[in-house]
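Structural features, examined
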Amino acid sequence: MPWITVQPAGLPVILERRRMPQLRAQLPFARNFHSLGLRTRVVLCQLPLVSCMLVVTSVFALAEPAMFANPLFTLCLLLHAVLLAACAVVPWERLPERSFQIVPVLDFVLIALLLHAVGRTYSNLMLLLVFPVIWLSVSKFKSRILVAFAGTLATALVPLLAPGGLDAGHLLRLVLLPSVMLAISISVHIIANNMDFQRDQLAVKEAEVRRLLAASREREQLLHAVVDSIDVGLVALDAEGRVTLTNRQQDAFAVRAGTSRDAAPDLQQGRQRIYDGDGVTFLAPESRPVRRAAEKQDVAGQLLWLGEEPQRIAVSATARSIEGQDGDCPGGSVVLFKDVTNQLAELAAKDDFMSGISHELRTPLTSILAYLELALEHPDLPAEVAAHLEVADRNAERLLTLISDFLSASAGTLEIRPEPTDLADVVRAAVQSAAATAAAKDIALDNQVDHELVAAADPARMGQVLDNLLSNAIKYSPAGSTVSIRGWQHAGASVLEVADTGYGMDDADRLRVFDRFFRSSSARRSGIHGTGLGLVVTKEIVERHGGTIDVASALGEGTTFTVTLPAAEGRSSSAATKPEAGSGGLRNRAAT
Ligand code: ADP
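Bear in mind that the values here come from a model prediction, so they are computed numbers and not experimental data.

1. Some words on the overall build of the chain
- Across its full length, the chain holds 18 helices and 15 strands.
- Here the chain holds 592 residues, and 40% of them are scored as buried.
- Across the chain, contacts joining residues at least 24 apart in sequence account for 63% of those joining residues at least 6 apart.
- Carbon and sulfur atoms make up 59% of the accessible area of the chain, which totals about 32400 Å².

As structure tokens, this is what we get:
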């Protein structure tokens, strides 16, 4: 499609759009026209007419030298030269705005003079009018179109002043020329103004782009400052798994691990001192967090050790994926490394403390148990006292088990001896133990496990699990509420559920409920005593049975713990459905 532009000198040029860059390269002043001085611009605008006048003069010199004998003709040539000189020397910028537009008006006069000098024979020279017409029309003022039209009309009438009749050709020129010039004038005015408008828009957009660039540079600097100020090591990866950003803390970790920033931590093998969570095994490159994140694997709290003793540190690594531009496919990931050396040392100190205390408690407790046993063996013991002593004995036994658990939890060794066990009995005993505490708090215990529920389990340990879940349900429920215990079998697995309608937990607390020493913020605020260890031991016991424990909770609504023990070997699995809350028990019985 042809594309029309106007040269600074006012000449319309038809070009192919795709050839535009070439033209720009050829006409450097075309790009910078508006940055040139006003005088230069005026001279440039006058040059096309002057060039044509040179051609005209040359043609007359060759074809009709007699013309130079005509004083009007030579005067006319002289005036053209004077006008060009005036264009170059007049300080236009100091004169009132747009005074230079007198030049195209004077062009009309000089062309009229030329037409008069050369006579009707050369009335074709009227074509020269196109130059002042275009010059005036590129102005943003519509009135210049009228000036151009009036100038054309007046000049077209000049040949009539010459003696001789008016033939049809002259008449046609008289009508056609002003009309054509008017059409050219309007077209040039529209195109030139449209270009001005586009240039203004471009300037606005350029300013906006500059502003956005500056803002984005500022934001980038801020991001770098923030990222460098945090005490968490950070490695950002793009969608292809390439490292795009690391922060100062990560550089420090890399130095300790024997890698450098340029060596892209974790992605290279070699002299690195990166160890697995046990602090001993050298961590293979493919198991390192950045490599795993680059391969789109999940990395959540991976523990690793960096460096050698005595300066080695423990870091916990977590990877988060970044959403891509289109929102669904990941655009990369960020791997965060947190120094957890102090936390680990604190945990180890807590473990030491717990095992020390537990050892200390065990000795007097063993003595209490021994004396309770002696007292229970007394033949004259009244039945009521014997019953009370039995409860004391049972609880002292439980205390001893708990203390052993503390020791096991710190040492990580819990012994499980599974045997065919009716969990209904275990639940009954646990409910009986918790009855007094529940009654004191006016909490109802609704035991819906009124049927056999056999599983391969350690009855003492499962008793511990239920004791703990029940005591928590009672502790974290308000007076007047109900704690329900349900049990059923599903695909051979035995499921026990302890549900309360108590204080509940928010999601953040729920996710940490099995962490060692964790206590929810509401539990701490309410002043309810606890160690944050019960659920750790509970989970350990369940998992050592090969089972799972899950928790569902909603703040202010209650909490449900669900323990699932796998099907015992050699037992046929029986499909059973979960009983409705409050329905009073299991409908299907386990096949034993
Ligand atoms: P604790 O000795 O503190 O009860 P646990 O390990 O048994 O220790 O429980 C850890 C934390 O989990 C508790 O401190 C409490 O915040 C929360 N929790 C446990 N069970 C419940 C429950 N049934 N309702 C609400 N919060 C609970």
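2. Focus: the layout of surface pockets
- Volume-wise, the second largest pocket comes out at about 1100 Å³.
- As for the second largest pocket, its lining consists of 47 residues, of which Asn468, Ser471, Asn472, Lys475 and Gly534 are closest to the centre.
- When contributions to the lining of the second largest pocket are tallied by element, the ones reaching two or more residues are α13 (383–411), α14 (423–440), α15 (459–475), α17 (521–526), α18 (534–544) and β15 (558–565).
- When residues of the lining of the second largest pocket are assigned to their parent elements, the largest contribution, ten residues, is made by α15.
- Looking at the lining of the second largest pocket, its residues break down into 22 nonpolar, 18 polar and seven charged.
- Counting residues domain by domain, the lining of the second largest pocket receives three or more from each of domain 3 (345–411) and domain 4 (419–588).

3. Looking at the site of the ligand
- Asn472, Arg519, Ser520, Thr531 and Leu535 are the nearest of the 19 residues found near the ligand.
- A distance of 2.9 Å is found between a nitrogen atom of the ligand and a side-chain nitrogen or oxygen belonging to Asp500.
- Contact with the protein chains removes 97% of the 530 Å² of surface that the ligand exposes when unbound.
- Contributions of two or more residues to the shell around the ligand are made by α15, α18 and β15.

4. Here we look at α18
- Of all the positions in α18, only Leu535, Val536, Val537, Thr538, Ile541 and Val542 are classed as buried.
- Remark: Gly546 follows α18 within two positions and exhibits a positive phi of approximately 85 degrees.

5. Some words on the nonpolar core
- Within the largest apolar cluster, 38 residues are counted, with the highest numbers of intra-cluster contacts made by Leu423, Met462, Leu496 and Val563.
- For this core, the leading source of residues is α14, giving eight residues.
- Residues in contact with Val563, not counting those within four places in the same chain, are Met462, Val465, Leu469, Ser494, Val495, Leu496, Val542, Thr548 and Ile549.
- Of all hydrophobic cores here, the second largest spans 31 residues; its members include Leu49, Phe60, Leu115 and Leu136.

6. Here's the deal with the confidence of the model for the chain
- Here the chain averages 83 in pLDDT, and 85% of its residues register 70 or above.
- In the model, residues 570–577 has pLDDT below 50 throughout and makes 29 contacts with residues more than four positions away in sequence or in other chains.
- Throughout residues 580–592 the model reports pLDDT below 50, and contacts reaching past four residues in sequence, or to other chains, amount to 43 contacts.

7. Some remarks on the sheet that holds β15
- A sheet is described by the order of its strands in space; here five strands give the open sequence β10-β12-β13-β15-β14, paired in mixed fashion. Edge strands, defined here as strands with exactly one partner in the open sheet, are β10 (444–447) and β14 (548–554). Recorded for the sheet is a direction-independent mean angle of 15 degrees between the axes of neighbouring strands.
- As defined by bridge partners, β14 adjoins β15 across seven bridges and the pair is classed as antiparallel. By the bridge assignment for β15, Ser553 is matched with Thr559.
- Contacts from α14 reach β10, β12 (482–490), β13 (493–500) and β15, with the element oriented near 170 degrees to β10.

8. A closer look at the pattern of salt bridges
- The full count for this structure, using the stated rule, is 14 salt bridges.
- Ionic pairing is found between Glu206 and Arg210, a salt bridge with its closest N-O pair at 2.5 Å. You can see Glu206 and its partner Arg210 sitting in helix α9 (residues 168–229), four residues apart, about one turn around the helix.
- What makes Glu206 partly exposed here is its relative accessible area of 41%.
- In this structure, Glu497 and Arg486 form a salt bridge, with 2.8 Å as the shortest nitrogen-oxygen distance. Taken together, the residues Glu497 in strand β13 and Arg486 in strand β12 connect sequence positions eleven residues apart. By the burial criterion, Glu497 is buried, and Arg486 matches it.
- Among the charged side chains, a network of salt bridges with common partners joins Asp238, Glu240 and Arg242.

9. Considerations on the state of the cysteines
- One pass over the structure, following the stated rule, counts zero disulfides.
- As a non-bridged cysteine, Cys87 has Cys45 as the owner of its nearest cysteine sulfur, 8.9 Å distant.

10. Some words on the UniProt feature "transmembrane region" (unreviewed entry) in the chain
- UniProt records the feature "transmembrane region" (unreviewed entry) for residues 42–62, 68–92, 99–115, 145–165 and 171–192 in the present numbering.
- Across residues 99–115, helical content stands at 82% and strand content at 0%; the span's end C-alpha atoms are separated by 26 Å.

11. Let's talk about the pairing of strand β4 (residues 243–246)
- Inspection of the sheet shows strand β3 (residues 233–238) paired to β4 by three bridges, in the antiparallel sense. Residue pairing across strands places Val235 opposite Thr246, the latter belonging to β4.
- Once β3 ends, the chain turns through four residues before running back antiparallel as β4, passing Gly241 with a positive phi of about 85 degrees.

12. Observations regarding the environment of Leu72
- Tracing the chain through its elements places Leu72 in helix α4 (residues 71–89).
- With relative accessibility at 26%, the residue Leu72 sits in the partly exposed group.
- In the structure, Leu72 is positioned 41 residues away from Leu113 in sequence and 7.6 Å away in space, judged by C-alpha atoms.
- Not counting residues within four places of it along the chain, the set of residues in contact with Leu72 comprises Leu113, His116 and Ala117.

Cut-off values and rules
For every chain, the first residue of the written sequence is number 1, and numbering continues from 1 onward in sequence order. Per-residue local features of the predicted model are confined to residues with pLDDT of at least 70, and side-chain atom pairs are confined, for both listing and counting, to 80 or more; whole-chain, interface and lining totals are unaffected and use all residues. To get the side-chain values, all heavy atoms of the structure are used, and hydrogens and water are removed first. Helix and strand definitions here come from DSSP, where helices need a minimum of 4 consecutive H or I residues and strands a minimum of 2 consecutive E residues; each element is numbered from the N-terminal end. Only protein chains enter the accessibility calculation, which uses a 1.4 Å probe; a residue whose area is less than 20% of its type maximum is buried, one above 50% is exposed, and one in between is partly exposed. Here, residues are in contact when the closest pair of their heavy atoms is within 4.5 Å. In this description, accessible areas are obtained by the Shrake-Rupley approach with a 1.4 Å probe, and a residue is regarded as covered only by the protein chains that are shown. With a 1 Å grid laid over protein atoms only, a set of points is called a cavity when a 1.4 Å probe fits there but cannot get out and a pocket when it is open yet has protein on both sides within 12 Å along at least five of seven lines; lining residues have an atom within 4 Å of a point. Grid points are joined across faces, edges and corners, and a volume is the space filled by probe spheres set on the points. Each residue is assigned to one of three groups, with Ala, Val, Leu, Ile, Met, Phe, Trp, Tyr, Cys and Pro labelled nonpolar, Asp, Glu, Lys and Arg labelled charged, and all others, Gly among them, labelled polar. Where a domain begins and ends is set by an automatic assignment or by a domain database. Nearness is judged by heavy atoms alone; a residue qualifies as near a molecule or strand once a single heavy atom is within 4 Å of it. Side-chain atoms alone can form a polar contact between residues adjacent in sequence; in general such a contact is a pair of N or O atoms within 3.5 Å, and within protein one must be able to donate a hydrogen while the other accepts it. Residue types Ala, Val, Leu, Ile, Met, Phe, Trp, Tyr and Cys, when buried and joined through side-chain atoms within 4.5 Å, form a set referred to as a nonpolar core. pLDDT expresses how confident the predictor is about each individual residue, on a scale running from 0 to 100. Only strands that DSSP links by at least two bridges are regarded as paired with each other. Axes here mean lines fitted to C-alpha atoms, for a helix over just the part in contact, with angles spanning 0 to 180 degrees between N-to-C directions. Whenever a carboxyl oxygen of Asp or Glu lies within 4 Å of a side-chain nitrogen of Lys or Arg, that contact is scored as a salt bridge. Working definition: a disulfide is two cysteine sulfur atoms within 2.5 Å of each other. UniProt positions are given in the numbering used here, feature names are shortened, and annotations may be inferred rather than shown by experiment.

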